[in-house]
Amino acid sequence: MLEGPKVSQSELAKRFGVSQPQICRIIKNKERILSEWHRNGDPERKRKREGKDVALEAALLRWVEGARTADLPGTGSLLHLKAKHLAEALGRPDPEPSGGCLARFGARHNLAFKKLPAEKGDAEQPTAEHWASTVLPSLLRSYAPSEIYVCGETGVLLPTGSPGKGESDGDRLTLLLCANADGSEKSPLRAVGESPRPRCLQGVNLGQMPWSYRAGSLASLTAPLFTEWLREFNEGMQRQGKSVLLLLNKHEAHPYLQLSNVRMVFVPPATALDRGIANDLKGHYRRRLLRWLPAERGTGQPTLLDALHMLAQAWGDVRPGLIATCFRAAGFSPDAGAEAPALTPASGLLGQEELERNGEPADGDEGTSEGEDVGEPVQPCPSEREVWGSLATLRRYLECRATSPDLFQAFYELEDVVHMVSAN
């Protein structure tokens, strides 16, 4: 129309119901408007609306165009993950993109993302007969033992918290456990408690702990909490360049998701892959609770923070051979059922009486020297109370300043050495 017969700006304004100055601005910026319209992915779009973060959208659009040029599959979950990584790289204070922002981004650029095709039947729970005859043999042909993971939940009770520690009688934790079939990899523990902000976790650099903590109603693992963990697990597999199988029981807290690097498969109800693993973890946790000596540590009952560290140590105590045996007993090996797992004694809640009975301080030398000092004073041997106090100080330093969860493995080994020396 602008290139047809000459029409006055006033006539155009009346015809389209706009003001004459607006027509003037359109004519003045005709080339720029036409250029942006040609670049726009949606020809029906009438308004030019930018996102709140122009730099992030530009980087994300470049990534989408590059992925399409390389003929890579594009999914909504992959777009969400890439947007989060780009936001972190750009130093945005809130890197987690909302679903609405990504939906508007896709609409502005006319992007359509399809879900990756799922294996038929993955979202359903197979019968025991179908699992044994069809599903399991197919999985064993498709995945190596190191690529087959199982996850499940188990509950542990915490001893009565001492005053001022932020815990109350009857505290409970739900633990999310995940390991692969040959025991070569165990995901860090995810603990769910009832308190959203426990006082004992204040000042702790939670991102660098060998465990993670979340709050849930009645300390239960909910579908949103499991979805959060599942996406983090998928990101970890993506960083490693691995495509893995994740076996789990069908439950309302276990929503089925189609992920880029994790294939979820529900197992029959009678398949308790994680039960032996959980029992062994609880046995090691119980042993460590019994080893806690309140009189010598001078701290009373362990706090939630103490328990989380003990649980991480107990998870490290679970041997790869036991995990592999649990998988073999469930049929994930040609010699299935050849041997039964040897478990650490089962756990239970330790009451105050049992802790006191098992944790009485031993009588012995307080570490002071006899006789008079000659020359330079001799440094007395520290008492066990002083040693545990020093270890507690060191652990607190690591909790506040640690740059990697791996540092705690060295600390746990040092603590075990002190326990061994103390027992001798």
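This is a predicted model, so every value here is computed, not measured.

The rules behind these values
- Residues numbered from 1 in each chain as written.
- Predicted model: local features only at pLDDT ≥ 70, side-chain atom pairs only at ≥ 80, totals over all residues.
- Heavy atoms only, no water.
- Helix = DSSP H or I, 4+ residues; strand = E, 2+ residues; numbered from the N terminus.
- Buried < 20%, exposed > 50% of the residue type's maximum accessible area, 1.4 Å probe, protein only.
- Contact = heavy atoms within 4.5 Å.
- Areas by Shrake-Rupley, 256 points an atom, 1.4 Å probe, with all protein chains shown as cover.
- Phe/Tyr/Trp six-rings, centres within 6.5 Å; stacked < 30°, edge-to-face > 60°.
- Patch = residues over 30% accessible without salt bridge, like charges linked within 9 Å, V, L, I, M, F, W, Y side chains within 5 Å.
- Salt bridge = Lys/Arg side-chain N within 4 Å of Asp/Glu carboxyl O.
- Pairing = 2+ DSSP bridges.
- Axes fitted to C-alpha atoms, helices over the stretch in contact; angles between N-to-C directions.
- Expected span 1.5 Å × (residues − 1).
- Bend = angle between axes of the 7 residues up to and from the residue.
- pLDDT = per-residue confidence, 0-100.

**Thoughts on the overall build of the chain**
If you tally the helices and strands in the chain, you get 15 helices and 6 strands. In the chain, buried positions account for 39% of the 424 residues. Sequence separation of at least 24 residues holds for 68% of the intrachain contacts in the chain that already meet a minimum separation of 6. Summing over all exposed atoms, the chain offers an accessible surface of approximately 24,300 Å²; the carbon and sulfur share of this is 53%.

**Points about the packing of aromatic side chains**
If you walk through the whole model with that rule in mind, you get 6 aromatic pairs. Ring centres of Trp 229 and Phe 233 lie 5.1 Å apart, and the angle between their planes is 10°; on these two criteria the pair is classed as stacked. Note that Trp 229 and Phe 233 are positioned in helix H8 (residues 223–240) at a spacing of 4 residues, about one turn of the helix. According to the relative accessible area criterion, Trp 229 is buried, its value standing at 5%. Aromatic rings pair up to connect Tyr 149, Phe 226, Trp 229 and Phe 233 into one cluster.

**Remarks on a nonpolar patch on the surface**
Residues Leu 394, Tyr 397 and Leu 414 make up a contiguous nonpolar surface patch of roughly 280 Å² in combined accessible area. Mapped onto the fold, Tyr 397 is located in helix H14 (residues 384–401).

**Some words on the sheet that holds strand E3 (residues 189–193)**
Working definition: the strands of a sheet are paired by backbone hydrogen bonds and lie parallel or antiparallel to each other. The sheet built from 6 strands is open, its strands ordered E4-E3-E2-E1-E5-E6 with mixed pairing. At either margin of the open sheet sits one strand with a lone partner, and together these are strand E4 (211–215) and strand E6 (262–267). Ignoring strand direction, the axes of neighbouring strands in this sheet form an average angle of 25°. Across 3 bridges, strand E2 (residues 172–180) lies against E3 in antiparallel orientation. Each residue of the ladder has a partner; that of Thr 174, found in E3, is Val 192. Against the sheet, helix H9 (residues 275–290) engages strand E1 (148–157) and E2, with an angle of about 45° to E1. Where helix H11 (residues 304–317) meets the sheet, it contacts E1, E2, E3 and E4, and its direction lies at approximately 25° from that of E2.

**Some thoughts on the pattern of salt bridges**
Per the stated rule, a full pass over the model turns up 11 salt bridges. Asp 306 serves as the salt-bridge partner of Arg 395, at 2.6 Å between the closest nitrogen and oxygen. With a gap of 89 residues between them, Arg 395 in helix H14 and Asp 306 in helix H11 connect regions that are remote in the sequence. As far as burial versus exposure is concerned, Arg 395 and Asp 306 are alike and both buried. One connected set of salt bridges, linked through shared partners, spans Arg 287, Arg 288, Arg 291, Asp 317 and Asp 416.

**A closer look at helix H7 (residues 128–142)**
Along an α-helix, residues three or four apart share an orientation, since each turn contains 3.6 residues. The terminal C-alpha atoms of H7, which comprises 15 residues, lie 20 Å apart, in line with the 21 Å expected from a rise of 1.5 Å per residue. The sharpest bend along H7 comes to roughly 40°, located at Val 135, with the proline Pro 137 sitting one to four residues further on. Along H7, the positions that sit buried rather than exposed are Trp 131, Val 135, Leu 136 and Leu 139. The elements touched by buried residues of H7 are strand E5 (244–249) and E6.

**Focus on the environment of Ala 13**
On the secondary structure map, Ala 13 appears in helix H1 (residues 9–16). Taking the C-alpha atoms as reference points, Ala 13 and Ile 23, separated by 10 residues in sequence, lie 6.4 Å from one another.

**Topic: the confidence of the model for the chain**
In low-pLDDT segments, the atomic positions of the prediction should not be examined closely. Looking at the chain, pLDDT values average 75 and 70% of them are 70 or higher. The element-level mean pLDDT for the chain is lowest in helix H13 (residues 352–358), coming to 41, with E3 highest at 94. Contacts of residues 162–170 to residues separated by more than four positions or lying in other chains number 13 contacts, the stretch itself having pLDDT below 50. Across residues 334–375, where pLDDT falls below 50, the model places 56 contacts with residues more than four positions away in sequence or in other chains.

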